[in-house]
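Read off the chains here:
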Amino acid sequence: MKKYSLLLSASAITAISADGVQKIKLKKIPEAEKIVNLLSPNPNPTLGGVSAPISLSRRLGEPKKSENIVLRDLKNAQYYGPVMLGTPPQEFLVVFDTGSADFWVPSASCEKRSMNCKAKHAYDPTKSSTYSAVPSGQQTSFQIMYGSGPVSGKFGQDSVTLGDDYTVEGQTFAAADSTDGLGLTYGKAKFDGILGLAFPTISRDPGVNTVIPNLKEKGHLDKAMFAFYLGDESDGELTIGGYDDTKFDGSITWVDLISPTYWLAPVDQIK
């Protein structure tokens, strides 16, 4: 049976879903409480979010050990950053969310149906040579319920790039055509969509793998691992493919997770 663990230190938290490293800058989103409620899947709370600035280069060949991506901190609320989708790449700002397992961005038709979509970057499949419909038999409709309401759209597949050059081809994602459930807070927020980092078992389509495990399976990463270093009103980092041992002192303690759903670990007591 595959085991999943968290590693804990005084200044870093790392979540690991299996066996290179890239650091991603995180930016925080204002209006902390509203945004937390906005992103909380109902009835389970969102545990966190992270993001990464991306370059357009795509490197092929042997998998990297790991890479670090600087995280921008905005009022200690949520963290967001760019991800590339399609060929040529279409750039989106997303929350990298440990409390959900689906990746969605607004579709080109979203602004026609939802007023809060008008200021967002919209994905256009007709402008991507690598877009395809999901395979026959796979779920096509997408709907997720957050604390504030639903987001809905359609699943598709395309190339997704994280960090400087981590690209996974044929990644399943959702193009959202309705975001009314997120209300005005989403319209004012700086992010376009959400990239979930939790386990596929809580995805709207549980048979779909998430981005980082896909990078490992396709040979782009040695380990399907990610780690957060969160600054206090300063830059932090998301590390994919490993962890940055310059960000903590002492040894790492590994803790088994309760189940492969959310990144939940048992706590006996807090001192």
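Source: prediction; values computed, not measured.

Could you clarify how one ought to interpret the confidence of the model for the protein in this entry?
Parts of the model with low pLDDT should not have their predicted coordinates read in detail. When the pLDDT values of the protein are averaged, the result is 79; 73% of them are 70 or greater. Strand 5 (residues 49–50) is the least confidently modelled element of the protein, averaging 32 in pLDDT, while strand 9 (residues 103–106) averages 97, the highest of any element. In the model, residues 8–14 has pLDDT below 50 throughout and makes 21 contacts with residues more than four positions away in sequence or in other chains. Below a pLDDT of 50 lies the segment residues 43–62, which in the model reaches 86 contacts outside its immediate sequence neighbourhood of four places, other chains included.

What is the right way to read the environment of Ala175 from this model?
Here Ala175 shows up in strand 12 (residues 166–178). Exposure remark for Ala175: the relative accessible area of 16% places this residue in the buried category. When the C-alpha atoms of Ala175 and Ser109 are compared, they prove to be 9.3 Å apart, with 66 residues separating the residues in sequence. Excluding residues that lie within four positions of it along the chain, Ala175 makes contacts with Val105, Ser107, Tyr123, Gly153 and Lys154.

Quick question: what am I supposed to make of unusual backbone geometry here?
Backbone phi values are negative for most residues with the exception of glycine, while trans is the configuration of most peptide bonds. Of note, the amide linkage connecting Thr87 to Pro88 takes the cis form, showing an omega dihedral of -5°. Position of Pro88 among the secondary structure elements: in the loop between strand 7 (78–85) and strand 8 (90–97).

Would you mind showing me how to read the environment of Thr161 here?
Mapped onto the fold, Thr161 is located in strand 11 (residues 149–162). Thr161 sits in the buried class, given a relative accessible area of 1%. Within the local environment of Thr161, its side chain forms a polar contact with the side chain of Thr167, the two groups lying 2.7 Å apart.

Even after reading the chapter, I still don't get the side chain of Asp177, so can you show me in this structure?
One can find Asp177 in strand 12. Its relative accessible area of 10% is what places Asp177 among the buried residues. Within the local environment of Asp177, its side chain forms a polar contact with the side chain of Arg113, the two groups lying 3.3 Å apart. If near-sequence neighbours (up to four positions away) are discounted, Asp177 is found in contact with Ser107, Ser109, Cys110, Arg113, Ser114, Ser152, Gly153 and Lys154.

Please explain the pairing of strand 11 as it appears in this structure.
Regular strands place side chains that alternate from one sheet face to the opposite one. Summarising burial for strand 11: 12 of the 14 residues are buried, a large majority. Bridging between strand 10 (residues 141–146) and strand 11 involves six bridges; their strand directions are antiparallel. Across the sheet, the residue bridging to Tyr146 is Gly149, located in strand 11. Relative to strand 12, strand 11 is paired through 10 bridges, and the arrangement is antiparallel. Pairing of Val160 across the sheet is with Val168, part of strand 12. Once strand 11 ends, the chain turns through three residues before running back antiparallel as strand 12, passing Gly163 with a positive phi of about 65°.

Explain the pattern of salt bridges here, please?
Two side chains of opposite charge can pair, provided their charged atoms sit close to one another. Evaluation of the coordinates by the stated rule reveals five salt bridges. Of the charged contacts, one joins Lys154 and Asp177 as a salt bridge, the two residues approaching to 3.9 Å between their closest N and O atoms. Here the residue Lys154 occupies a position in strand 11, and Asp177 occupies one in strand 12, the gap between them amounting to 23 residues. Connected via shared salt-bridge partners are Arg113, Lys154 and Asp177.

How do you make sense of the packing of aromatic side chains when you look at a structure like this?
In this description, an aromatic ring pair is defined by two values, namely the gap between the centres and the angle between the planes. Counted under the stated rule, the structure contains 10 aromatic pairs. Centre to centre, the rings of Trp104 and Tyr186 are 6.0 Å apart; their planes meet at 55°, and the pair counts as tilted. Note that Trp104 is positioned in strand 9 and Tyr186 in helix 3 (residues 183–188), a separation of 82 residues in sequence. Aromatic side chains Tyr186 and Phe191 sit 5.7 Å apart centroid to centroid with 55° between the ring planes, which places their arrangement in the tilted category. One exposure class covers both Tyr186 and Phe191, and it is buried. One aromatic cluster in this structure is built from Phe103, Tyr123, Tyr131 and Phe173. The ring of Tyr186 carries the charged tip of Lys120 above its face, separated from the ring centre by 4.4 Å. Cation over ring: Lys247 sits above Tyr229, and NZ or CZ is 5.5 Å from the ring centre.

What exactly am I supposed to notice about the state of the cysteines here?
Working definition: the covalent bond between the sulfur atoms of two cysteines is a disulfide. According to the stated counting rule, one finds one disulfide in the structure shown. A sulfur-sulfur distance of 2.0 Å marks the disulfide that ties Cys110 to Cys117. Looking along the S-S bond of the Cys110-Cys117 disulfide, the torsion reads about 80°, which is the right-handed sense. Taken individually, Cys110 and Cys117 each receive the classification buried, so the pair is uniform in this respect.

The rules behind these values
- Residues numbered from 1 in each chain as written.
- Predicted model: local features only at pLDDT ≥ 70, side-chain atom pairs only at ≥ 80, totals over all residues.
- Heavy atoms only, no water.
- pLDDT = per-residue confidence, 0-100.
- Helix = DSSP H or I, 4+ residues; strand = E, 2+ residues; numbered from the N terminus.
- Contact = heavy atoms within 4.5 Å.
- Buried < 20%, exposed > 50% of the residue type's maximum accessible area, 1.4 Å probe, protein only.
- Polar contact = N/O pair within 3.5 Å; in protein donor to acceptor, adjacent residues only side chain to side chain.
- Pairing = 2+ DSSP bridges.
- Salt bridge = Lys/Arg side-chain N within 4 Å of Asp/Glu carboxyl O.
- Phe/Tyr/Trp six-rings, centres within 6.5 Å; stacked < 30°, edge-to-face > 60°.
- Lys NZ or Arg CZ within 6 Å of the ring centre and 35° of its normal.
- Disulfide = S-S within 2.5 Å.

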